[in-house]
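Below are the chains, spelled out letter by letter.
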Amino acid sequence: MNRALPAVRLRVPTDEDAIAWHRVFDDPDVMEFHGGESAELSVYEELTARQRRHDAELGFCLWTMTDDAGRVIGFTGAQPWPREWGPKGEIEIGWRLGRAYWGKGYATAAARMTLERLKAAGVPSVVAMVRPGNERSVAVTRRLGMELAQTFPHPRLDEEALCFRLDLK
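The sections below set out a description of the structure shown in this document.

What counts and how
- Residues numbered from 1 in each chain as written.
- Predicted model: local features only at pLDDT ≥ 70, side-chain atom pairs only at ≥ 80, totals over all residues.
- Heavy atoms only, no water.
- Core = buried A, V, L, I, M, F, W, Y, C linked by side-chain atoms within 4.5 Å.
- Buried < 20%, exposed > 50% of the residue type's maximum accessible area, 1.4 Å probe, protein only.
- Helix = DSSP H or I, 4+ residues; strand = E, 2+ residues; numbered from the N terminus.
- Contact = heavy atoms within 4.5 Å.
- Phe/Tyr/Trp six-rings, centres within 6.5 Å; stacked < 30°, edge-to-face > 60°.
- Pairing = 2+ DSSP bridges.
- Arc of directions from axis to C-beta.
- Axes fitted to C-alpha atoms, helices over the stretch in contact; angles between N-to-C directions.
- Parallel < 35°, antiparallel > 145°, perpendicular 65-115°, else oblique.
- Left-handed = near helix turned anticlockwise from the far one by under 90°.
- Nonpolar A, V, L, I, M, F, W, Y, C, P; charged D, E, K, R; others polar.

Let's talk about the nonpolar core
Core analysis: the largest hydrophobic core is formed by 45 residues, its most contacted members being Ile93 and Val126. It is helix 4 (residues 106–120) that contributes the most residues to this core, seven residues altogether. Not counting chain neighbours up to four residues away, the residues in contact with isoleucine 93 comprise Gly77, Ala78, Ala111, Thr114, Leu115, Val126, Val127, Ala128, Leu144 and Met146.

Here it is in C-alpha cells:
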C-alpha cells in the first residue's frame, strides 16, 4: 500500500532544538534502542552543536524535523559514523521521532529528503546502523531501498548491530 507521506521540514538544529529534542525523546519507548533511558539535556546540547559544525563543514547533518505546523517532532539526517567500532569512515543516515509521530510516514519522508540532500552534496553511499528488534527502523531502511550489508559485534551489548547500505550514485 502506497500512502501519501506527510509534509515535513528539515532545518539545521538550533540551541533551542536541544531543549525540544530532550522533551520529545523523553520517553522509554523512544529510547528503547538508544540506551534505554532518557538522556540529559547536556547530551542534546552537545549533539545539536556538533550537528551545526557538520552542516558548516560537510553540508549535511542530523537536521531538526518539524511537521507542517512547525512542531519539532524529531531529527533525521546523516553524519560520519561517530564510533570506534562499526562502519568507520562511512556516512550514517539516521532518524529518531517522538512517540506521538510514529507510524505516520514522517521518518520515511524525512529520510528520503535526506538522501536527496546527500546526493546533491556528492555523498556516494550511506549506511544505517540498526539494533536487532528495531523493526520500525528496519522498515524505513527497506522503504529507502537499503539492503542488509553486514553485521558488527556490538561492544557493550550481546548482539550484532545490523548495517544496511545504499549506493547513491
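Next comes the rest of the account.
Quick look at the side chain of threonine 141
Secondary-structure assignment places threonine 141 in helix 5 (residues 135–143). Threonine 141 sits in the buried class, given a relative accessible area of 0%. Aside from chain neighbours lying at most four places away, what touches threonine 141 is Trp95, Ala128, Val130, Met146 and Phe164.

A closer look at the side chain of aspartate 17
Turning to its location among the elements, aspartate 17 is positioned in helix 1 (residues 15–24). For aspartate 17, a relative accessible area of 2% translates into the label buried. Setting aside residues no more than four positions away along its own chain, aspartate 17 makes contact with Arg11, Val12, Thr48, Thr64 and Val72.

Re the environment of alanine 161
Mapped onto the secondary structure, alanine 161 falls in strand 7 (residues 160–167). Classification of alanine 161 by relative accessible area gives buried; the value is 4%. Considering only alpha carbons, one finds alanine 161 and isoleucine 73, 88 residues apart in sequence, at a separation of 26 Å. Alanine 161 has contacts with Trp85, Met129, Val130, Pro132, Gln150, Thr151 and Phe152, leaving out every residue within four places of it along the chain.

Here we look at the packing of aromatic side chains
Applying the stated criterion across every chain, the model contains six aromatic pairs. Measuring from ring centre to ring centre gives 4.8 Å for tryptophan 21 and phenylalanine 75, while their planes differ by 50°; the resulting arrangement is tilted. With tryptophan 21 in helix 1 and phenylalanine 75 in strand 3 (residues 72–80), this residue pair connects regions lying 54 residues apart in the sequence. In terms of burial, tryptophan 21 and phenylalanine 75 fall into one category: buried.

Some thoughts on the pairing of strand 6 (residues 147–153)
Pairing of strand 6 with strand 7, which is carried by six bridges, proceeds in the antiparallel orientation. Bridged to threonine 151 within strand 7 is leucine 162.

Notes on helix 5
Buried residues of helix 5: Ser137, Val138, Val140 and Thr141, and no others. Down the axis, helix 5 shows its buried residues gathered within 155° of arc, on one side only. In this structure, the buried side of helix 5 is in contact with strand 4 (91–97), helix 4, strand 5 (125–130) and strand 7. Two residues or fewer after helix 5 comes glycine 145, characterised by a positive phi angle close to 90°.

So, the packing of helix 1 against helix 3 (residues 41–58)
Viewed as axis vectors pointing N to C, helix 1 and helix 3 meet at an angle of 135°, and their least axial separation amounts to 8 Å. What the angle tells us is that helix 1 and helix 3 run oblique. Helix 1 and helix 3 meet at a crossing whose hand is right-handed. Side by side, helix 1 and helix 3 meet where Asp15, Asp17, Ala18, Ile19, Trp21 and His22 of the first sit next to Leu41, Tyr44, Glu45, Leu47, Thr48 and Arg52 of the second. In terms of residue class, the contact of helix 1 with helix 3 is built from six nonpolar, two polar and four charged.

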